Amino acid sequence: MVRCEVCGRAPAGRFCLRCNAIVCESCFDPSAEKCVVCTRLPQKGFQKVGAEILSWFMRLFLVGLAVAFVGSLLVLLSLPGEGSGVFIILIGPIPIGLGYGSHASTLAAVSLILVTACIIVTLYVRKRLR
Ligand SMILES: [Zn+2]
Ligand SMILES: [Zn+2]
């Protein structure tokens, strides 16, 4: 007689579809066709890992987005002939603006506002993901 792989006492007559364990009637959930060990396991194990990967992708995407945004900002604001430009560096959530030329302070102010807006949107999206 094969004994139940879960409780080790009762004679087994059922197969778990998930882990293939041979279990007894009392250690088997007929509705799920799984053993009690598998039914107790969080079914979202896979989904949880997926969500974690997704959140990491989302973070990378948002960082990439911020970098691309700052990059395009530099191109827009450093138009030839203007004689002024601005650099925005993001150190974590803190934007640091460096400007040069006659419109540097204006450009720096505008781009700082834009970058701040971008960060607020980023934080908002991240908050909603949770
Ligand atoms: Zn059992
Ligand atoms: Zn099982």
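Looking only at helices and strands, the chain has three helices and six strands in total. When the helices and strands of the chain are listed from N to C terminus, the series reads β-β-β-β-α-α-β-β-α. Here the chain holds 130 residues, and the buried ones make up 16% of them.

By the secondary structure assignment, S111 is in helix α3 (residues 104-129). Take S111: there are 22 C-beta atoms within 10 Å of it, and that puts it in the buried class. Sequence separation between S111 and V70 is 41 residues; the distance between their C-alpha atoms is 8.6 Å.

The biggest cluster of nonpolar side chains holds 10 residues, and these are C4, V6, A12, C16, A21, V23, C24, C27, F28 and C35. Leaving out residues up to four positions away in the same chain, V23 has contacts with C4, E5, V6, A12, R14, C16, F28 and C35.

Positive phi, normally seen in glycine, also occurs at N20, with a value near 65°. By the secondary structure assignment, N20 is in the loop between β1 (14-15) and β2 (22-23). Residue N20 is classed as exposed on the basis of its C-beta count, with 9 C-beta atoms lying within 10 Å. Of note, the phi angle at E33 is positive, near 55°, even though the residue is not glycine.

Rules used throughout
- Residues numbered from 1 in each chain as written.
- Chains lettered and ligands numbered in written order.
- Predicted model: local features only at pLDDT ≥ 70, side-chain atom pairs only at ≥ 80, totals over all residues.
- Helix = DSSP H or I, 4+ residues; strand = E, 2+ residues; numbered from the N terminus.
- Buried ≥ 20, exposed ≤ 12 C-beta atoms within 10 Å, placed from the backbone.
- Core = buried A, V, L, I, M, F, W, Y, C linked by C-beta atoms within 7 Å.
- Contact = placed C-beta atoms within 7 Å.

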